[in-house]
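# Analysis of the macromolecular model
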Amino acid sequence: MPTLTFYYHNIISGDHIGKSAISLKNFTKSLDFIRRFGYSFTDLGSIINSLKLEKIPKQCLITFDDGYENNITALPILHEYGIKAVFFLISSKINKEGFLSAKQINEIISEGHSVGSHTSTHPELTSLDPVKLKAELLDSKKELEDITGHEITSLAYPKGLYNAKSVEAAETCGYVTAFSTKHGEPYKWENRFRLKRYPVSGRDSSIKMFFKIFRRAITQ
Ligand SMILES: [Zn+2]
């Protein structure tokens, strides 16, 4: 599998291993590991461009979901590794306690990272009626565009859940790509609204678990 996309949630400073959290130390180790296996880090724009290529290069995209404030602590590491990541934000959580502020989001943008929508309120999109579904996708897109001054072209489905209606709504609302999780598909233009990602910060965020996730990802 030439394109690997990983998603992280909380980045924490201590050694505590919690749900949806990885220590800064293990986050760095995971990046070393990806690099050692010959994957080059890529950015959102390059991923989109590569979807139309016959042969997609061996590349890795780093993404963060939910917009936790502690993600800001990953910036120096991302800078050191020359990584341009994607931060998928829940627009209703911006400026709330524990989440990134509009000011921090602009700091992230100024370092060359991208921002994507993770909807307005993080519902399971597959259970929404068409009006609510459209509102989740459009309102978040507009709010993020107002904050960043950039067009928001990518979406990450909450919990990775999508169906034909979510895919159709994402396209209608002006997104160019949408990312899932284990439910996703390989990186091809026709799958651009179903792109697969692997979780790093699930129930266990030890580096041993990362090895397992990585090995599974590259053998699929
Ligand atoms: Zn989420």
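Residues numbered from 1 in each chain as written. Predicted model: local features only at pLDDT ≥ 70, side-chain atom pairs only at ≥ 80, totals over all residues.

## Digging into the overall build of the protein
In terms of regular secondary structure, the protein is built from 7 helices and 10 strands. In terms of overall dimensions, the protein is globule-like: its C-alpha atoms have a radius of gyration of 16 Å, near the 17 Å expected for 220 residues. Dimensions of the protein, computed from C-alpha atoms along their principal axes, come out at roughly 45 × 45 × 30 Å. Within the protein, the proportion of its 220 residues that are buried is 41%. Summarising the internal contacts of the protein: among those between residues at least 6 apart in sequence, 62% fall at separations of at least 24. (Helix = DSSP H or I, 4+ residues; strand = E, 2+ residues; numbered from the N terminus. Rg over C-alpha atoms; globule rule 2.2 N^0.38 Å. Buried ≥ 20, exposed ≤ 12 C-beta atoms within 10 Å, placed from the backbone. Contact = placed C-beta atoms within 7 Å.)

## Observations concerning the nonpolar core
In this structure, Y8, F87, L89, A170 and A178 are the most contacted members of the largest nonpolar core, which totals 53 residues. Not counting residues up to four positions away in its chain, the partners in contact with L89 are G67, I94, L100, I105, V115, S117, H118 and L144. (Core = buried A, V, L, I, M, F, W, Y, C linked by C-beta atoms within 7 Å.)

## Quick word on helix α6 (residues 164-172)
Owing to its 3.6 residues per turn, the α-helix aligns residues three or four sequence positions apart on the same side. Taken together, the buried positions of α6 are occupied by S166, A169 and A170. Down the axis of α6, the sector holding all buried residues measures 100°, keeping them to one side. Exposed side chains of α6 directed beyond 90 degrees from the buried face belong to A164 and T172. Where α6 is buried, its residues touch α5 (130-148), β8 (154-156) and β9 (177-179). Downstream of α6 by a residue or two, G174 has a phi angle that is positive, lying close to 95°. (Arc of directions from axis to C-beta.)

## As for the pairing of strand β6 (residues 86-89)
The side-chain alternation of β6 yields two buried faces, one formed by V86 and F88 and the other by F87 and L89. Where strand β5 (residues 59-66) meets β6, 4 bridges bridge the pair, whose relative direction is parallel. Residue pairing for β6: D65 is matched across the bridge by F88. With helix α3 (residues 75-80) bridging β5 and its parallel neighbour β6, the resulting β-α-β unit is right-handed. Across 4 bridges, the pairing between β6 and strand β7 (residues 114-117) is parallel. (Pairing = 2+ DSSP bridges. Right-handed = clockwise from strand over helix to strand, strands pointing away.)

## Some details on the environment of I152
Its location among the elements puts I152 in the loop between α5 and β8. The sequence separation of I152 and S117 amounts to 35 residues, and the corresponding C-alpha distance is 7.1 Å. With near-sequence residues (within four places) excluded, I152 lies in contact with V115, G116, S117, K141, L144 and E145.

## Here's the deal with the environment of F179
Mapped onto the fold, F179 is located in strand β9. Separated by 168 residues in the primary sequence, F179 and I11 place their C-alpha atoms 21 Å from one another.

## As for unusual backbone geometry
Its identity as a non-glycine residue notwithstanding, D66 has a phi of 85°, on the positive side. At N95, a position not held by glycine, the phi torsion is positive, near 75°. Among the structural elements, N95 can be located in the loop between β6 and α4 (102-110).

## Structural notes on the packing of α5 against α6
Two quantities define a packed helix pair, namely the angle between the axes and the distance from one axis to the other. As a packed pair, α5 and α6 sit with axes 10 Å apart at the nearest point and diverge in direction by 45°. Judged on the interaxial angle alone, α6 and α5 are oblique. Both α5 and α6 take part in a crossing whose hand is right-handed. Within the contact between the two elements, α5 uses L133, K134 and L137 and α6 uses K165, S166, A169 and A170. Its residues assigned to classes, the contact of α5 with α6 shows 4 nonpolar, 1 polar and 2 charged. (Axes fitted to C-alpha atoms, helices over the stretch in contact; angles between N-to-C directions. Parallel < 35°, antiparallel > 145°, perpendicular 65-115°, else oblique. Left-handed = near helix turned anticlockwise from the far one by under 90°. Nonpolar A, V, L, I, M, F, W, Y, C, P; charged D, E, K, R; others polar.)

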